[in-house]
Amino acid sequence: MRIVPSLLRVTLALSLILAAACATSREQLRADRGQQQAQFPAGGSQHSESRTSGPQRAKSTAVAHPQERALAEGITWAEPLPVHIDSLPGGRLRLSFPPQVSSLDQERLSVEEIRPLLAAFMSFRPRATPRLRLMLETPGGTGSSQGTAAPWELRLREEFVSQYGPALLPMPESLETSRLYLALKLSTRYMDDGIREAAQELFSAPAFLASVSLSVLVYFAAWLAPEPLFSKAFAAALTVRLSLLVGLVELGQLARACLRLYQEAEAATTPQQLEAASERFGKALGGTSLRVLVVVASLGVPQVLPKVPEGGLWTLLSPMRHAPASGLALESIATAHVVADGSLIIAGVAAGTSAASVCGELATCSMMDDAGGASNGGPKLSTRYGKPHTRQNPPHNEAIEAELAKREAAGHTDLRKNQPQQNANKVDVYDRKPIKGVSFRKPDVSSVRPDGIRHNTNYVSNPRDMQRELDAFEAMGRADPSAIHELYLLDGTLVRRYVPPGVGFPSMGR
Amino acid sequence: MEQFQEELVDACAWGEEDRARELVSRFRAEPMTRVVLEAMLQEPDATTRQAAVFGLGELGGAASALRLEQQLVLEEAQGDYDGDSVVEEVIRALGRIEAEGARAALVRKLERLVTAGSKPGNMNSVAHALWKRRHPDLLPVIRQSLSQLDPKVSGSLQGLLVLLEKTPDELQAWARDPSVTLEYKTRVVTVLDADLPEALLTTLSSFISAASASSEEAVSQTGEASYYCNRLFTLLLLYKEQVIPALSEETRSELRTLARRLVASVDPNCSLGAAVVLESVGLPEDAPLLETHRPAEPILAKVFDDAARALRSRQKE
């Protein structure tokens with residue numbers, strides 16, 4: 001049954017007209033907003049009573065602050081764009097998100113807003129003499145750190161993993177001395193005026209910074225996969241909730257910014273490189289993303305922060321586009337899957353729960369009936385990947401072949417594709433601590449560099465297999481620690497790299 | 001059968017041979033299983049063909065050997081990376097088939113490699129498969145092949161010849177002989193990775209002694225000595241369940257001393273192997289040594305940590 005009211009249908013049409021690619025940086029986001037602000041809701045006004053009927057085009061004038069400019073020009077805001085919900089077979093729902101421009105108010109974060117939270121984090125682990133020590137002598141490290149975790153940090157980790165599930169990226173021995181922690185701490189000085197002070201306060205709390213680090217390793221790491229899948233109910237529900245509040249694309253952008261920081265920090269071999277990574281992250285972080293970061297980090301440690309009720313946390317985001325869904329509807333969600341077309345497919349919504357209730361009573365969601373598509377045989381799965389759990393997968397194969405061709409051109413020898421792992425002497429090697437009885441692995445690409453170093457590379461063929469890929473990566477490292485090992489996504493994003501001590505990377509000729 | 005096919009491809013792609021073996025065993029009685037596997041050999045996707053080869057190797061018998069040899073020739077003719085990957089799998093599968101035809105197919109493959117002066121990778125695979133299908137009839141073929149090959153590419157074939165020629169007692173004396181190079185001994189040890197028969201378990205003490213004699217060099221430099229120790233540790237760990245209980249008290253003690261020394265090796269392969277061996281033959285007091293030489297790299301560090309923890313928990317028991 002079609003239940004889309006006519007106003008929403010008009011809005012849906014508008015959303016299609018106004019759809020725009022989302023920005024990858026705060027600067028770009030602002031540039032886009034300069035063109036779109038007259039048409040999209042902004043500020044906290046979306047739930048106010050001063051909504052007007054239609055958009056007006058802003059004049060191009062050089063006023064310093066976009067909000068001031070808007071006010072000066074008497075711009076008013078249209079209805080927020082709806083999230084479209086399709087019912088899919090098996091009780092699943094597909095949530096399609098229109099482009100989102102975050103509220104200008106949300107671009108700021110004041111110290112007053114985070115004071116109760118800060119007090120809670122400080123009471124758990126007060127500021128102390130910094131233990132930070134920059135240890136960058138190991139290039140290409142994988143979560144390298146010094147020292148062991150303090151008891152307070154271990155407790156934090158346990159809570160986090162119990163809430164979100166196991167870490168997808170390697171957990172350093174001590175978060176407090178990890179590169180990621182240090183890079184996060186350095187990033188505040190590059191943040192925008194509207195958020196810097198609050199960020200500096202928050203990031204000075206070791207427990208908060210450790211929680212943010214855990215958020216990256218445990219939750220945001222899911223975005224290493226092109227189509228992140230959240231199979232832990234808590235993480236799935238959180239993803240739905242955050243997507244409804246700030247937009248799915250925006251959530252993904254924050255995740256990718258975090259992952260970039262992680263990867264750059266891990267790859268840094270000089271303090272300057274680490275600083276540069278922090279700078280990029282700090283400049284990319286806006287008020288809204290900082291708020292999301294605070295929420296994700298804090299929700300991971302509910303026992304640690306009993307004094308800050310969940311509702312208190314969510315008020316950080318409450319003036320956003322869509323109100324959070326009611327607890328009951330979200331609690332039953334079993335999985336959330338971000339698919340390549342920019343929609344979110346959720347499963348496990350309790351029988352009898354109306355789709356609208358997922359969005360919450362204040363949300364603007366539109367329902368599509370079967371005619372809206374996606375009703376015949378379930379959602380159209382992304383065609384980027386082949387059959388699940390197999391490698392009958394053209395992009396995967398193309399990535400391998402391209403890499404082999406590149407290596408051949410660079411003078412590598414003993415080029416092997418999907419064959420049992422061998423060392424530089426062309427002899428089979430075996431995992432000395434096999435997982436589930438798997439004693440050998442088959443690297444997608446393997447070759448011997450001109451300097452005699454074996455170089456193995458795997459590509460994540462199916463995002464659902466990320467854990468298996470990580471296990472295989474570590475197994476290859478144990479089988480032959482004298483070789484280089486890499487794990488990539490198909491889009492070329494580096495997930496992990498191991499470079500043996502004393503070996504240069506990249507080598508000459510690559 | 002579609003599910004069988006998908007699961008088999010998945011298991012083989014991930015190197016989960018136990019799962020793949022169990023799967024084939026479950027479907028062995030189905031009349032369609034062989035038909036499906038043979039049809040999979042014609043798929044363009046190399047991982048599917050690899051899985052089919054594995055499946056036929058598990059089904060075994062003369063029919064599988066014959067079909068696999070046909071596939072071997074087809075894949076060789078392709079001359080591409082995918083073809084190479086299936087060739088490798090066929091050689092391994094033929095090594096598992098007990099029927100007469102399998103050994104003959106491997107011998108013909110060896111002859112083609114010799115004629116082509118092939119790369120050591122394939123030669124090692126054939127040598128390993130032939131060791132699994134060992135028989136005195138192979139001796140003249142192996143000798144003939146070695147006489148035609150450049151020693152640089154004969155790989156494990158030299159090791160195979162030693163194993164075929166010598167009795168266990170002779171092998172023990174050979175392994176202890178300091179005039180035999182470590183490189184030569186390494187080739188023998190590497191062939192044993194494919195199969196360690198019970199009759200040769202007693203010879204391991206000699207190979208361990210050879211490692212002890214070269215341990216000083218293996219600690220301080222990456223070279224032939226550290227590589228030999230690394231390969232010996234690999235062999236011992238591949239057959240840990242059989243080897244460790246079969247070691248005499250004296251040999252076990254010598255192995256512990258060797259592993260204690262080599263956890264400090266500059267060769268990361270050697271030190272990692274030593275750490276895992278020490279976990280099996282060490283004593284609780286060895287735990288601090290592991291912690292002292294724990295590498296900074298997290299993957300390797302975890303191996304040392306686990307070993308140290310296991311040794312300490314032994315103390316509590």
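A word on the overall build of chain A
Line of reasoning, step 1. Looking only at helices and strands, chain A features 17 helices and 11 strands.
Line of reasoning, step 2. Considering chain A as a whole, with its 510 residues, one finds that 51% of them fall into the buried category.
Line of reasoning, step 3. Pairs at least 24 residues apart make up 76% of the contacts formed inside chain A by residues separated by at least 6 positions.

A look at the packing of helix α15 (residues 224-238) of chain B against helix α18 (residues 268-281) of chain B
Residue and element names in this part refer to chain B.
Line of reasoning, step 1. Between α15 and α18, whose axes approach to 8 Å, the crossing angle comes to 35 degrees. Relative to α18, the crossing made by α15 is left-handed. Here α15 contributes Ser226, Cys229, Asn230, Phe233, Thr234, Leu236 and Leu237 to the contact with α18, which in turn contributes Asn269, Cys270, Gly273, Ala274, Val276 and Val277.
Line of reasoning, step 2. The residue inventory of the contact of α15 with α18, partitioned by class, reads 8 nonpolar, 5 polar and no charged.

Some thoughts on the interface of chain B and chain A
Line of reasoning, step 1. Opposite the 36 residues of chain B that make contact, chain A presents 40 residues.
Line of reasoning, step 2. For the side of chain B that touches chain A, the secondary-structure elements that each account for two or more residues are α1 (2-13), α4 (46-59), α6 (81-96), α8 (120-132), α15, α18 and α20 (298-316) of chain B.
Line of reasoning, step 3. Here the residues of the side of chain B that touches chain A sort into 16 nonpolar, 10 polar and 10 charged.

Concerning the pairing of strand β4 (residues 335-338) of chain A
If a strand is regular, its side chains alternate between the two faces of the sheet.
All names here are of chain A.
Line of reasoning, step 1. The pairing of strand β3 (residues 229-230) with β4 spans 2 bridges and is classified as antiparallel. Its bridge partner being in β4, Phe230 is matched across the sheet by Ala336.
Line of reasoning, step 2. In this sheet, strand β5 (residues 343-347) lies alongside β4 in antiparallel orientation, the contact comprising 4 bridges. Residue Thr335 lies in a different strand from β5, and its bridge partner there is Ala347.
Line of reasoning, step 3. Between β4 and the antiparallel strand that follows it, β5, lie 4 residues; Gly342 among them carries a positive phi value of about 90 degrees.

Structural notes on the packing of α4(B) against α6(B)
All names here are of chain B.
Line of reasoning, step 1. Taken N-terminus to C-terminus, the directions of α4 and α6 make an angle of 10 degrees; their axes are 9 Å apart at the nearest point. As far as their axial angle goes, α6 and α4 are roughly parallel. Contacts between α4 and α6 involve Ala46, Arg49, Gln50, Val53, Phe54, Leu56 and Gly57 on the former and, on the latter, Asp82, Ser85, Val86, Glu89, Val90, Ala93 and Arg96.
Line of reasoning, step 2. A breakdown of the residues in the contact of α4 with α6 according to their chemical character gives 7 nonpolar, 3 polar and 4 charged.

Focus: the environment of Pro226(A)
Residues and elements named next belong to chain A.
Line of reasoning, step 1. On the secondary structure map, Pro226 appears in the loop between α8 (206-219) and β3.
Line of reasoning, step 2. On the basis of neighbour count, Pro226 is assigned to the partly exposed category, with 18 C-beta atoms found within 10 Å.
Line of reasoning, step 3. Separated by 237 residues in the primary sequence, Pro226 and Pro463 place their C-alpha atoms 6.9 Å from one another.

Regarding unusual backbone geometry
Keep in mind that most residues, glycine aside, have a negative phi and that most peptide bonds are trans.
All names here are of chain A.
Line of reasoning, step 1. In this structure, Asn418 takes a positive phi of about 55 degrees despite not being glycine.
Line of reasoning, step 2. Along the polypeptide, Asn418 turns up in the loop between β7 (413-417) and β8 (445-448).
Line of reasoning, step 3. Taking the number of C-beta atoms within 10 Å as the measure of exposure, Asn418 has 24 and is therefore buried.

Describing the sheet that holds β8(A)
Residue and element names in this part refer to chain A.
Line of reasoning, step 1. A sheet is described by the order of its strands in space; here 5 strands give the open sequence β7-β8-β9-β10-β11, paired in mixed fashion. For this open sheet the edge positions go to β7 and β11 (494-498), each flanked by a neighbour on one side alone. Ignoring which end each strand starts from, the neighbouring axes of this sheet average 10 degrees apart.
Line of reasoning, step 2. Where β8 meets strand β9 (residues 454-459), 4 bridges bridge the pair, whose relative direction is antiparallel. Across the sheet, residue Val445 finds its bridge partner in β9, namely Thr457.
Line of reasoning, step 3. Docked against the sheet, helix α16 (residues 394-409) engages β7, β8 and β9, running at close to 180 degrees with respect to β7.
Line of reasoning, step 4. With respect to the sheet, helix α17 (residues 466-479) is in contact with β9, β10 (484-488) and β11, its orientation differing from that of β10 by roughly 175 degrees.

So, the nonpolar core
Line of reasoning, step 1. With 212 residues, the main nonpolar core has Ala183(A), Ala221(A), Leu94(B), Ala275(B) and Val277(B) as its most contacted residues.
Line of reasoning, step 2. Taken domain by domain, this core gets at least three of its residues from each of domain 1 (1-98) and domain 2 (200-317) of chain B.
Line of reasoning, step 3. When residues no more than four places from it in sequence are discounted, the contact partners of Val277(B) are Phe233(B), Leu236(B), Leu237(B), Leu255(B) and Ala259(B).

A word on the pairing of β9(A)
Residues and elements named next belong to chain A.
Line of reasoning, step 1. Across the 6 residues of β9, 6 count as buried, placing the element largely inside the fold.
Line of reasoning, step 2. Of the two faces of β9, the one lined by Arg454, Asn456 and Asn458 and the one lined by His455, Thr457 and Tyr459 are each fully buried.
Line of reasoning, step 3. Linking β8 back to β9 in an antiparallel pair, the connection comprises 5 residues, with Gly452 at a positive phi of about 90 degrees.
Line of reasoning, step 4. Bridge count between β9 and β10: 5 bridges; the pairing is parallel. In the sheet register, Asn456 faces β10, and the bridge partner there is His485.
Line of reasoning, step 5. What joins β9 to β10 is α17, and the crossover it makes is right-handed.

Things to note about the confidence of the model for chain A
Line of reasoning, step 1. With 64% of its residues at a pLDDT of at least 70, chain A reaches an overall mean of 71.
Line of reasoning, step 2. Ignoring residues within four places in sequence, the model shows residues 320-328 of chain A, a span with pLDDT below 50, making 32 contacts including any to other chains.

Overview of helix α9 (residues 233-246) of chain A
Because the α-helix completes a turn every 3.6 residues, residues three or four places apart line up on one side.
All names here are of chain A.
Line of reasoning, step 1. Given a rise of 1.5 Å per residue, 14 residues ought to cover 20 Å, and the 20 Å separating the end C-alpha atoms of α9 matches this to within 8%.
Line of reasoning, step 2. A large share of α9 lies buried, amounting to 12 of its 14 residues.
Line of reasoning, step 3. If you check which residues of α9 are buried, you get Ala235, Ala236, Ala237, Leu238, Thr239, Val240, Arg241, Leu242, Ser243, Leu244, Leu245 and Val246.

Some points on the confidence of the model for chain B
Low-pLDDT stretches of the model should not have their predicted coordinates read in fine detail.
Line of reasoning, step 1. Considering every residue of chain B, the mean pLDDT works out to 93; 98% of them sit at 70 or more.
Line of reasoning, step 2. Overall fold confidence for the complex sits at a pTM of 0.59, while the interface term, ipTM, reaches 0.95.

Considering helix α6 (residues 179-187) of chain A
Residues and elements named next belong to chain A.
Line of reasoning, step 1. The buried fraction of α6 is high, at 8 of 9 residues.
Line of reasoning, step 2. Along α6, the positions that sit buried rather than exposed are Arg179, Leu180, Tyr181, Leu182, Ala183, Leu184, Leu186 and Ser187.
Line of reasoning, step 3. Buried positions along α6 lie against α7 (193-203), α8, α10 (248-267) and α11 (271-284).

About the criteria used
- Residues numbered from 1 in each chain as written.
- Chains lettered and ligands numbered in written order.
- Predicted model: local features only at pLDDT ≥ 70, side-chain atom pairs only at ≥ 80, totals over all residues.
- Helix = DSSP H or I, 4+ residues; strand = E, 2+ residues; numbered from the N terminus.
- Buried ≥ 20, exposed ≤ 12 C-beta atoms within 10 Å, placed from the backbone.
- Contact = placed C-beta atoms within 7 Å.
- Axes fitted to C-alpha atoms, helices over the stretch in contact; angles between N-to-C directions.
- Left-handed = near helix turned anticlockwise from the far one by under 90°.
- Nonpolar A, V, L, I, M, F, W, Y, C, P; charged D, E, K, R; others polar.
- Pairing = 2+ DSSP bridges.
- Parallel < 35°, antiparallel > 145°, perpendicular 65-115°, else oblique.
- Core = buried A, V, L, I, M, F, W, Y, C linked by C-beta atoms within 7 Å.
- Domains from an automatic or database assignment.
- Right-handed = clockwise from strand over helix to strand, strands pointing away.
- pLDDT = per-residue confidence, 0-100.
- Expected span 1.5 Å × (residues − 1).

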